[in-house]
Amino acid sequence: MTDLSGLDRPNSYIGRSVERPNAARLTRGRGRFVDDIDLPRMLHVAFARSPYAHALVKSVDTAGAAALAGVIRVVTMSDLAEYCTPWVGVLDHLKGIKSASQWPLANGKVFSQGEPVAAVVAASRAIAEDAVERIAIDYEALDPQVDPKASLAPDALPIHAELGDNLCFERKIDTGDVDEAFSTAAHVVEAEMRFNRHTGVTLEPRSIICDFDASQRALTLYMSVQCPHMSKNLFARHLNLDENNVRVICGDVGGSFGIKIHTYADEMTAAALAVMLERPVKFVADRLESFITDIHARDHEAKARLAVDGDGRITAFDLDDLTGIGPFSVYPRTSGIEVNQVLNLTGGPYAHGAYRAHGRVVFQNKNNMCQYRGVGHPIAVAIAEHLVDKAAKVTGQDPAEFRRRNFIADDAYPYTSPSGAIYERQSHRECLDKLLEKCAYDDLRAEQSALRRKGVYRGIGLVSLVEVTNPSPAFYGVGGARIASQDGCTLRLDPTGGVTCLTGVTEQGQGTETIIAQVAATAIGINMANIRVITGDTETVPYGGGTWASRAAGIGGEAALRAGKALKQNILSVAATILQDRAENLDIRDGVIVTAVDRTERMPLSELGRIVYFRGDTLPKDLAPELVVTRHYTQNTYPFCFTNAAHACYLEVDTDTGMIRLLGYWVVEDCGTVINPKLVAEQTRGGVVQGLGPALFEECIYSPEGQLMNGSLADYLVPMAGEMPDIVVDHVVTPTQTSELGAKGVGEAGTAGAPAAVMNALNDALGPFDVELTDMPFTPEKILRALGRVSGRDQK
Amino acid sequence: MMKRLVTLSINGEEVSAAVEPRMTLADFIRSEARLTGTHVGCEHGVCGACTVRVDGRTARGCLLFAIQCEGSEIETIENFGDGKGADLQQAFVEHNALQCGFCTPGMLIAADELLRDDPSPTRQAVREYLSGNYCRCTGYQAIVDAVMDVAERRRRK
Amino acid sequence: MKPRTFDYLRAKTLADVFAVFEAHGDEALILAGGQSVVPALNMRLSEPAILVDINRIPELDRIELQGGVVRIGALCRHETVRRSDVIAGHVPLLVQALAHVAHPAIRNRGTLGGSLCNADPAAELPACALALGTTMVVESASGSRRIPASDFFIGFYETSLEPGEVLVAMEVPVAGNGEIHFFDEIARRQGDFALAGLAAVAKCDGGRLVSVRFAFHSCGDRSLLSPQLSAVVEGMPNGAVDGAAIDAALKGDLDPPDDAVTSSETRLHLAGVLVRRALAHINSEADT
């Protein structure tokens with residue numbers, strides 16, 4: 001065993017549920033969120049936003065607003081034109097994807113409700129809002145395209161005339177002989193499903209303070225963001241600033257989940273205004289703005305079928321997925337990635353040979369849709385797992401047994417799926433077996449059956465899934481986006497013997513700083529208490545991608561491991577000189593240099609630090625101690641790593657009221673090396689609840705005119721404590737061999753599986769009624785209608 | 001509208017500022033008293049992030065105007081550990097009952113009131129009591145665990 | 001999201017309130033608990049010239065047993081009422097209902113009078129007031145008057161309060177011997193406004209339902225009594241009410257809203273489910 005595998009060291013923090021060093025601060029009101037910052041001479045911005053989903057902006061009269069006391073400036077796009085260039089959300093590797101130019105403020109036309117048309121900068125947010133009410137805008141309403149299918153009709157008016165039609169992106173996969181599989185199938189099951197549009201509702205809204213120093217043409221952005229370096233590039237590029245002069249500082253982030261990773265017109269406007277006015281400008285979206293402008297998620301309609309042969313084996317999937325993304329493909333990640341994921345991942349755990357998938361991404365006059373926690377996964381998982389349950393039923397098998405029979409064989413890895421995804425190694429059988437044990441599956445079935453005789457309807461929903469993590473440059477970089485898939489870690493031994501750690505991955509509350517500290521401390525051989533992790537400041541941290549695609553642990557963690565090992569070697573070589581020993585005879589334990597074989601203490605790191613930093617005169621002239629080390633890591637072995645998981649949901653349906661009560665939820669996940677079990681469990685639980693939300697409550701409801709009907713927290717129902725179940729989480733550990741650390745990431749698998757688990761449990765509960773619900777969210781209305789308790793209106 | 005001099009007692013200290021009547025208590029606490037632990041999440045009384053204690057009971061800081069609160073005792077998260085709440089703060093850390101931490105001050109103040117009202121709550125009672133405080137990160141379970149743990153520890157004392 | 005500007009006056013007496021109304025008419029708005037008023041102000045859905053804060057007016061926050069009625073001051077907070085021994089002993093319906101109202105921090109501030117005057121069709125308290133046969137005590141510069149709850153809620157967020165009138169108290173008849181109170185609602189989440197809700201007050205005698213007042217929320221443009229349903233059940237033996245007659249009565253008396261999530265028909269169905277639960281409860285209580 002090499003000495004630094006990390007896993008078996010006596011002072012290893014890998015696999016330990018250490019507390020998060022930054023948690024105590026947050027319990028005492030000592031967080032530092034963007035809105036907590038108040039810069040001298042700072043101004044506040046508010047926006048006049050379009051009430052229309054689609055309209056010409058014929059005129060904007062800002063005189064009344066500008067005259068209000070406390071108002072510094074009122075601008076429209078023509079005022080910003082010399083400060084800011086437009087952007088287009090396309091990537092080269094999504095063949096054929098198209099979108100239109102987006103401007104920070106409306107450029108003569110608005111394409112969705114909430115698009116900013118004019119901006120007011122004032123001494124306070126309240127005054128800015130007063131002024132917004134005094135802006136007179138003359139709109140000429142245009143017909144909105146709200147339905148994706150209608151948007152695709154041959155006679156539908158293109159939302160962007162220059163693009164010709166409303167099809168943003170289309171992809172087809174057809175491998176194996178799908179027609180043959182279906183024509184020879186013993187059973188074919190099929191379904192139509194609808195995945196509701198919902199949104200992130202980060203408790204801290206999008207927030208930015210833009211501070212421009214004209215003397216240096218330097219822009220400092222205090223942002224609540226997931227990817228500081230990406231933002232640095234984008235703001236520099238579109239504000240015509242030298243990228244070296246743009247600094248992004250990301251302090252505490254009050255939740256992100258994919259919301260805070262995109263380019264938003266209002267944030268770009270705030271930055272342009274800071275450049276224009278040479279004063280700090282703060283924009284904090286209020287909750288109503290958040291609902292209509294934070295990216296929305298999902299909004300898919302899918303039709304899919306599955307073929308089973310006479311042995312009860314899945315032979316083919318065939319699916320069609322249509323998604324409405326609003327009027328633009330979001331910059332810079334595009335709104336084509338989600339459908340791409342649906343096509344890549346549907347049926348991922350199974351050994352079917354034939355696969356056909358057709359995905360279409362369609363423009364419409366609603367808010368923009370883009371990558372949100374679990375990107376595409378909840379759809380891919382729900383499509384496959386619903387069909388798998390139906391196939392189990394039609395073949396007379398228990399859904400667990402049917403899954404077990406159809407998983408990719410354990411000895412078939414690495415395995416290339418029919419969609420082209422390469423799985424290094426998955427543990428579906430082991431996860432499912434452990435899950436069934438954890439949830440006492442047989443007992444649940446017995447209880448279900450006994451209660452059913454009393455008119456109590458409970459259901460068990462099983463799900464097996466794969467999740468993309470640790471992306472290589474194949475995700476964005478090859479498409480031309482300046483979004484780093486590599487990440488770096490810098491470690492500096494300080495004279496105190498403590499270590500300062502700078503990492504390019506970011507902290508959004510998931511515990512990044514903790515796990516990076518665990519890895520680095522373990523690799524070096526110091527105590528957690530003696531390492532301080534710094535994230536989020538592009539002026540100091542290594543260049544990196546930040547937080548997305550569940551990459552912080554797998555990529556950032558590996559960089560930290562490599563940096564830690566390198567720093568340790570550097571320390572030991574200096575120590576060897578000082579101690580007149582050989583470096584390979586020495587080790588570091590708990591911050592003390594020891595003799596490797598017997599752990600005899602030789603010298604604390606603080607003493608080494610003292611000598612190196614203050615008494616270099618006592619060291620040999622040619623020693624050149626290097627106690628700062630940076631290492632980077634890119635996962636290049638596969639396009640992605642894949643985690644896997646099995647979920648079970650147990651629920652009861654009140655067939656009188658249509659109300660669902662969640663009784664239990666279990667997850668067994670395999671994220672590879674578990675750095676911190678508690679954090680993995682908490683990521684999983686939070687992720688599950690973020691998937692339960694849209695299955696039961698969350699939906700952005702639009703009128704036929706393209707108006708969001710429930711854009712407040714009183715009307716948009718997020719999951720709250722009262723309705724959520726306790727969630728049991730356990731692990732199977734299959735470390736990835738792509739890195740020494742072996743961690744694959746865990747941020748999104750919970751969200752990926754929960755909607756499908758609820759859907760399967762609900763349909764299982766209602767099995768005796770021979771109904772099928774596939775239209776999320778599963779409201780009392782839909783359930784009562786399915787049960788025939790109410791006749792209801794036509795369902796859209 | 002004319003600004004008025006408003007003097008509030010926050011965490012036992014008097015804070016005076018000339019503000020418009022429309023300034024909410026939450027905004028006064030943040031921008032005038034410069035206590036930024038009270039967070040603003042929705043400004044319409046739903047999310048619970050701005051929960052503070054007013055005259056001994058919890059209230060939404062966004063649903064009160066600062067000017068209304070003259071003569072009241074306001075307590076915020078910054079004053080929390082000095083009272084009985086330090087064990088709750090510690091339990092939140094131990095159970096990782098927070099991720100991003102934005103909901104945490106409001107959640108702690110609500111949880112503290114829950115345990116004052118009902119020292120031996122059931123898990124479901126905790127869930128229902130806290131159901132006016134939104135947390136997007138944790139899934140709530142660790143928060144319930146932390147509160148139950150503190151209830152148990154206080155009972156044992 | 002900041003309110004428009006307004007002036008503010010802290011009233012020390014009701015006379016202060018009447019004076020503001022005299023000066024500002026319908027430009028003045030009473031600020032009591034503020035748990036509905038302030039969200040509307042913050043969202044700029046409401047723009048009073050002046051807020052009259054009645055929170056410090058003495059004597060509006062008392063709960064008193066006065067002969068056959070419990071007099072509840074309009075400024076009594078939801079949570080105070082929910083924990084009151086007098087209420088628990090004499091108006092158990094309110095204790096049951098208030099557990100469904102929003103969340104503790106809201107109930108700590110929200111007042112009973114404020115909720116009744118807001119007359120939200122989805123709110124629990126107006127339905128309770130109807131079921132309990134509450135009398136609203138109203139004062140104005142020209143004197144006081146008493147309005148039965150059944151005449152108080154007259155439309156969508158609309159009451160029969162005249163300009164310049166202030167609700168000062170509610171008088172609730174104490175629950176008589178054998179009176180059974182029932183409250184339930186179907187809400188998607190704890191504390192949410194209900195898809196449908198029911199407050200019922202029943203008197204039984206000798207195994208028969210002598211009188212039952214059923215009041216529904218979220219089933220019309222305001223909280224509604226169902227006299228047809230009362231007619232169907234009154235005089236019937238416990239547990240012998242015909243389901244079809246219930247549904248017909250509800251259809252006749254209720255007119256639930258139809259929104260993008262929940263249809264009118266579903267709300268009507270849920271009201272029927274609640275009535276059956278109520279009758280079962282009344283039946284079991286009457287037996288014991």
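Data block above holds the structure.
Throughout what follows, the structure given in this document is the object of discussion.

## Some points on the overall build of chain A
Working step 1: The helix and strand inventory of chain A stands at 20 helices and 28 strands.
Working step 2: Residues counted as buried form 68% of the 796 residues belonging to chain A.
Working step 3: Look at the contacts in chain A between residues 6 or more apart in sequence, and 79% of them connect residues 24 or more apart.
Working step 4: For chain A, the exposed surface amounts to about 25900 Å²; the carbon and sulfur share of it is 48%.
Working step 5: Of the side chains in chain A, 77 bear a positive and 100 a negative charge, and the two mean positions are spaced by 3 Å.

## Comments concerning the pattern of salt bridges
Working step 1: What the rule picks out here adds up to 93 salt bridges over all chains.
Working step 2: With a closest N to O distance of 3.3 Å, Glu140 of chain A and Lys58 of chain A form a salt bridge. Residue Glu140 of chain A is found in strand β6 (residues 136-141), and its partner Lys58 of chain A is found in strand β2 (residues 55-61); the two are separated by 82 residues along the sequence.
Working step 3: A relative accessible area of 35% places Glu140 of chain A in the partly exposed class.
Working step 4: Judged by relative accessible area, Lys58 of chain A falls into the exposed class, the value being 52%.
Working step 5: Ionic pairing is found between Asp87 of chain B and Arg154 of chain B, a salt bridge with its closest N-O pair at 2.8 Å.

## Description of the interface of chain B and chain A
Working step 1: Each side of the interface is counted separately: chain B has 48 residues, and chain A has 53 residues.
Working step 2: When chain B packs against chain A, the two sides together hide about 4000 Å² of surface, and 54% of this comes from carbon and sulfur.
Working step 3: For chain B, the biggest contributors to the area lost against chain A are Gln99, Tyr134 and Arg136 of chain B; these three give 19% of the whole.
Working step 4: For the pair chain B and chain A, the interface holds 7 salt bridges.
Working step 5: Note that Glu698 of chain A and Arg136 of chain B form a salt bridge whose closest N and O atoms lie 2.8 Å from each other.
Working step 6: Put simply, chain B and chain A have 26 residue pairs in polar contact (both at pLDDT 80 or more) between them.
Working step 7: Contributions of two or more residues to the side of chain B that touches chain A are made by α2 (86-94), α3 (104-117), α4 (123-129) and α5 (141-156) of chain B.
Working step 8: No other element matches α2 of chain B, which puts 5 residues into the side of chain B that touches chain A.

What counts and what doesn't
Residues numbered from 1 in each chain as written. Chains lettered and ligands numbered in written order. Predicted model: local features only at pLDDT ≥ 70, side-chain atom pairs only at ≥ 80, totals over all residues. Heavy atoms only, no water. Helix = DSSP H or I, 4+ residues; strand = E, 2+ residues; numbered from the N terminus. Buried < 20%, exposed > 50% of the residue type's maximum accessible area, 1.4 Å probe, protein only. Contact = heavy atoms within 4.5 Å. Areas by Shrake-Rupley, 256 points an atom, 1.4 Å probe, with all protein chains shown as cover. Lys, Arg positive; Asp, Glu negative; His and termini not counted. Charge placed at Lys NZ, Arg CZ, Asp CG, Glu CD. Salt bridge = Lys/Arg side-chain N within 4 Å of Asp/Glu carboxyl O. Buried area = accessible area lost by both parts, 1.4 Å probe. Polar contact = N/O pair within 3.5 Å; in protein donor to acceptor, adjacent residues only side chain to side chain.

Everything listed here is a matter of coordinates, which is why it stays silent on function.
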